[in-house]
Structures are given as structure tokens and as C-alpha cells.
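# Topology and contacts: notes
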Amino acid sequence: MNDFVSGFWGYYIGTISVLGIVFCLWLLWVQRKYLGKATLKVDDTGHVWDGNLRELNHPVPRWWTIMFVGCCAFGVIYLILYPGLGTWPGLLGTNSRVEVKQEQEAQEAAVAPIYAKYAKMSIPEIAADPAARVIGQRLFLNNCAQCHGSDAKGAPSFPNLIEGDSIYGRDPEAIIATITAGRNGIMPPFKGAIDAKTAGDIAQYVRSMSGLAADQIRIVNGKREYMNTCAACHGPEGKGNKALGAPNLTDDVWLYGSSEATIVEGILNGRNNRMPAQAGILTPEQIRMVAAFVWSLSGGKDVTSSVLNSAAPK
Ligand code: HEC
Ligand code: HEC
């Protein structure tokens, strides 16, 4: 087997291999009069250098001939047993893909009893188990830390999983749903509908909702525009909407940043943020383990979850 779409390169390489072996054996055959005859009269090529240095033509030693034929035989046997000739898998039928799959299956079978133990436990029970936490942490470091950070505190556009309240919720079901199917938070761009100055006023109002310094005159206009355009998703009080993935704007926790320029940029150009689904990467058992780990990081609760869950449409 080979990794190419068509078998062409497999046959190309196989043909070169076979021709190489045939050529080596042919070479040996045409040179056979020199083989193994220790008594053969040494030919003198007639070339002489530096007065008395003569070039001779010795027969090759017997050990060399045996090694040469042995190498050719090894090549032929190898090509018969292992893949090497086009798409033919060889008599042993081995290939690295099958081997890796076998190793993976053996590995999964070996860890299955460990996961089976946790399958019957609830997320809070798993989170309280020290051995499960270690497994969850390793899964997190291998699959999530590249985006959420090894301390799970996130980075611009990648949510902090520990502090502040979360976009989609910190109850076990929400975390499992996020990890399994992924998330795609979309805020539409308002470039055509809102001019840059008005966007600045709204940004001032958004800052004031988190208690940050804001221009008291501009927030009057900003609040009016916010109620018209933004409240539908972020809520009249700015508490967000978990079902839409619209963040809470009152908690001074920022996915992108709290400066007027950053907020204006988001208003004018919109936001499109994607968390990739892990369903094809992690097994459902692994997702439960890493979900329990993430859930335990925030102390197992959402700071303002009671407020938000009552505000979000079910
Ligand atoms: C390629 C980057 C990437 C990887 C890998 C990734 N995430 Fe995410 N994650 C994101 C982004 C971006 C969001 C925000 C999505 C949005 O705004 O709609 C997010 C959102 C989340 C949320 C919801 C946060 C909230 O505030 O509600 C959780 C929980 C989460 N991720 C956990 C995980 C876990 C656990 C893993 C590993 C199994 C993981 N993520 C892997 C990028 C990633
Ligand atoms: C259709 C729903 C929708 C509307 C309308 C909307 N937003 Fe958003 N907004 C979102 C979503 C969803 C996100 C999260 C995007 C992401 O996951 O990255 C977001 C993100 C934001 C953020 C980033 C928050 C942070 O933590 O950095 C700000 C600020 C914001 N919106 C302000 C506004 C303002 C101001 C308006 C009105 C001009 C508005 N939004 C209108 C859905 C909406």
C-alpha cells in the first residue's frame, strides 16, 4: 500500500527497485569469469605509472560475491514479504497504517477500563477524583491549551475558562456541549448602519457598563443607540445571552479588549469566533474527563449564572 491517491508512484518505485536488482545480477553474470577463481591469472591492464606502478585486474573475493548475491536475494525476499511493488501489500500484508491502527486499538483497549470507571460518575464526582483530574489536565494540555492557554486563562478572542462569567455557561452540560460540537459566536458588522462617531459613543456606554472610565456626555447618545441596536443580543442591562453566545458586557471581562478603539472595531466589522468541535478528535469518555477538569477550574460555578440563565431564552 502507499499513501498516494493513484498507484502510479508505487509502481514507479517498484519498477526501479526490481530493475535495480536485475541490473546487479546481470552485472555479476557478465563478470562471472572473474568470480571466485583464486587461481585465475591476474590480468595486467598494461597501464603503468611512475615507472613501475602497474594496474592489475584482480578477481573479486569469494566473500564479496556471496555478500553481493545475498543482498540481491534479501531485496527479492523483502519485496515478496513486505509492501514495495505498487499497491501489492506483500505476503505478510503489513503496512504502517495497519500497524498504527493496531497500536491505537491496543492503547484504547488498555485505557477502556479506566474510562469505564468514570462513565458511571457525574461530572462533579469526576472533578473530585484526583486521578481523573490528572487525566483531564493532560487532555486539556494536549488538546485545548494551544488556544485557551496552559493556565486556561485564554488570550484575545480565546475565552478565559476560569474567571469572570462564561459566554455559553459553566454548568457541566454546557461545557460538554461546547467541547463536543464546538461553538461559533457571530456578531454581525454594523459598518453601514452605524457611523464611526456613533460607534465611539456606544463604546463609551459599553465601557461605563463595566464601571470603566467613560465620557459622561457621549454615553447618553451611546445608551440610546445601544438600546436600539445591541440590546437584542446583549440584553438591555448588558448581561449577555448564552443561547446566542453574546457575552456579558458588564463584568469587565473582555474577549477582545476594553479600549474604545477595540470595541468600535468590533461594532463596525463584527466578530466571528470559532471553537472547533472535538467530537472527532476526542472520544465521548475523554470529553467528559476534560469537561470535568474545566468545570473544576472555575470552582464548578458561573459567577453570575443565576442572573444569566434566567435572562437567556431556554
Ligand atoms: C483552535 C482553538 C481552540 C481549541 C483547540 C479549543 N478551543 Fe475552546 N474555544 C475557542 C474559541 C475561539 C472559543 C470561543 C467561541 C465563541 O466565541 O463562540 C472557545 C470556547 C470554549 C468554551 C466556552 C467558553 C465560554 O466562555 O463559555 C469552553 C468551555 C471551551 N472552549 C473549552 C475547550 C476545551 C475543553 C478544549 C479542548 C478539548 C478547547 N476548548 C479547545 C477556541 C478553541
Ligand atoms: C446578533 C447578535 C448581536 C448583536 C446585535 C450585537 N452583538 Fe455584540 N456580540 C455578539 C456575539 C455573539 C459576540 C461574541 C463574539 C465572539 O464570540 O467572539 C459579541 C461580542 C461583542 C463584544 C466583545 C465582548 C468582549 O468580551 O470583548 C462587544 C464589546 C460587543 N459585542 C458589543 C456590541 C455592541 C456595542 C453592539 C451594538 C452595536 C452589539 N455588540 C450588537 C452578538 C451581537
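The rules behind each value
- Residues numbered from 1 in each chain as written.
- Chains lettered and ligands numbered in written order.
- Predicted model: local features only at pLDDT ≥ 70, side-chain atom pairs only at ≥ 80, totals over all residues.
- Heavy atoms only, no water.
- Patch = residues over 30% accessible without salt bridge, like charges linked within 9 Å, V, L, I, M, F, W, Y side chains within 5 Å.
- Areas by Shrake-Rupley, 256 points an atom, 1.4 Å probe, with all protein chains shown as cover.
- Salt bridge = Lys/Arg side-chain N within 4 Å of Asp/Glu carboxyl O.
- Helix = DSSP H or I, 4+ residues; strand = E, 2+ residues; numbered from the N terminus.
- Donors = N, O, S within 2.8 Å, 3.2 Å for Na, K, Ca; no water.
- Buried < 20%, exposed > 50% of the residue type's maximum accessible area, 1.4 Å probe, protein only.
- Tetrahedral: all angles 85-135°; square planar, octahedral: opposite > 155°, others 65-115°.
- 1 Å grid on protein atoms, 1.4 Å probe; cavity = no way out; pocket = protein on both sides within 12 Å on 5 of 7 lines; lining within 4 Å.
- Points joined across faces, edges and corners; volume = space filled by probe spheres on them.
- Nonpolar A, V, L, I, M, F, W, Y, C, P; charged D, E, K, R; others polar.
- Near = heavy atom within 4 Å.
- Polar contact = N/O pair within 3.5 Å; in protein donor to acceptor, adjacent residues only side chain to side chain.
- Expected span 1.5 Å × (residues − 1).
- Arc of directions from axis to C-beta.
- pLDDT = per-residue confidence, 0-100.
- Contact = heavy atoms within 4.5 Å.
- Domains from an automatic or database assignment.

Glancing now at a nonpolar patch on the surface. Residues Phe 8, Trp 9, Tyr 12, Ile 13 and Ile 16 make up a contiguous nonpolar surface patch of roughly 540 Å² in combined accessible area. Topologically, Ile 13 is positioned in helix H1 (residues 8-30).

Attention now moves to the coordination of the iron atom of ligand 1. At 2.0 to 2.1 Å from the iron atom of ligand 1 lie its protein donor atoms, namely His 148 (NE2) and Met 275 (SD). When its relative accessible area of 9% is taken as the criterion, His 148 is described as buried.

This brings us to the coordination of the iron atom of ligand 2. Protein coordination of the iron atom of ligand 2 is provided by Met 187 (SD) and His 234 (NE2), with donor distances spanning 2.0 to 2.1 Å. Here the iron atom of ligand 2 is ringed by six donor atoms whose angles at the metal span 88 to 179°, and the overall shape comes out octahedral. In this pair, Met 187 is assigned in strand S3 (residues 183-187) and His 234 in helix H10 (residues 231-234), connecting sequence segments 47 residues apart. Judged by relative accessible area, Met 187 falls into the partly exposed class, the value being 24%.

We now examine the layout of surface pockets. It is a probe the size of a water molecule, rolled over the atoms, that shows where empty space is left. Each pocket or cavity is described by its volume, and for the second largest pocket that value is around 460 Å³. Lining of the second largest pocket is provided by 14 residues; of these, Gln 107, Glu 108, Val 111, Tyr 115 and Gln 286 occupy positions nearest its centre. Mapped onto the lining of the second largest pocket, the elements with two or more residues apiece are helix H3 (96-119), helix H5 (130-143) and helix H12 (284-297). The element contributing the most residues to the lining of the second largest pocket is H3, with seven residues. A breakdown of the residues in the lining of the second largest pocket according to their chemical character gives six nonpolar, five polar and three charged.

Glancing now at the site of ligand 2. Around ligand 2, the structure places 25 residues, and the nearest of them are Met 187, Cys 230, Cys 233, His 234 and Tyr 256. Take His 234: an N or O atom from its side chain is 2.8 Å from a nitrogen atom of ligand 2. A distance of 2.3 Å separates an oxygen atom of ligand 2 from a polar atom in the side chain of Tyr 256. Contributing elements (two or more residues each) for the shell around ligand 2: S3, helix H8 (196-209), H10, helix H11 (260-269) and strand S4 (271-275).

With that out of the way, let us pick up the site of ligand 1. The local shell around ligand 1 holds 25 residues, among which Cys 144, Cys 147, His 148, Tyr 168 and Met 275 are the closest. Taking His 148, its side chain carries an N or O atom lying 2.8 Å from a nitrogen atom of ligand 1. One of the side-chain N or O atoms of Tyr 168 is found 2.5 Å from an oxygen atom in ligand 1. Secondary structure elements with two or more residues in the shell around ligand 1: helix H6 (145-148), helix H7 (172-181), S3 and S4. Grouping the constituent residues of the shell around ligand 1 by class yields twelve nonpolar, eleven polar and two charged.

A rise of 1.5 Å per residue sets the reference length of H5, with its 14 residues, at 20 Å; its end C-alpha atoms lie 20 Å apart and thus fit the reference within 8%. All of the buried residues in H5 are Ala 132, Gly 136, Leu 139, Phe 140 and Asn 143. Along the axis of H5, the buried positions cluster into a sector of 100°, meaning they face one direction only. Exposed residues on H5 whose side chains face more than 90 degrees from its buried face are Pro 130, Arg 138 and Asn 142.

A separate point is unusual backbone geometry. Backbone geometry follows two general trends: most residues other than glycine have a negative phi, and most peptide bonds adopt the trans configuration. Within the chain, Ser 157 stands out as a residue other than glycine whose phi angle is a positive 80°. Mapped onto the fold, Ser 157 is located in the loop between H6 and H7. Given a relative accessible area of 16%, Ser 157 falls into the buried group. For Asp 252, which is not a glycine, the phi torsion comes out positive at approximately 55°. Structurally, the position occupied by Asp 252 is in the loop between H10 and H11. For Asp 252, a relative accessible area of 39% gives the class partly exposed.

So, about the confidence of the model for the protein. Detailed reading of the predicted coordinates is not advisable wherever pLDDT is low. Predicted confidence across the protein gives a mean pLDDT of 88, with 90% of residues reaching 70 or more. Below pLDDT 50 for its whole length, residues 303-314 participates in 16 contacts with residues either more than four positions away or in separate chains.

This next bit is on the domain arrangement of the protein. Annotation of the protein at the domain level lists domain 1 (8-94), domain 2 (123-182 + 276-314) and domain 3 (186-272). For domain 2 and domain 3, the distance between their C-alpha centres works out to 26 Å.

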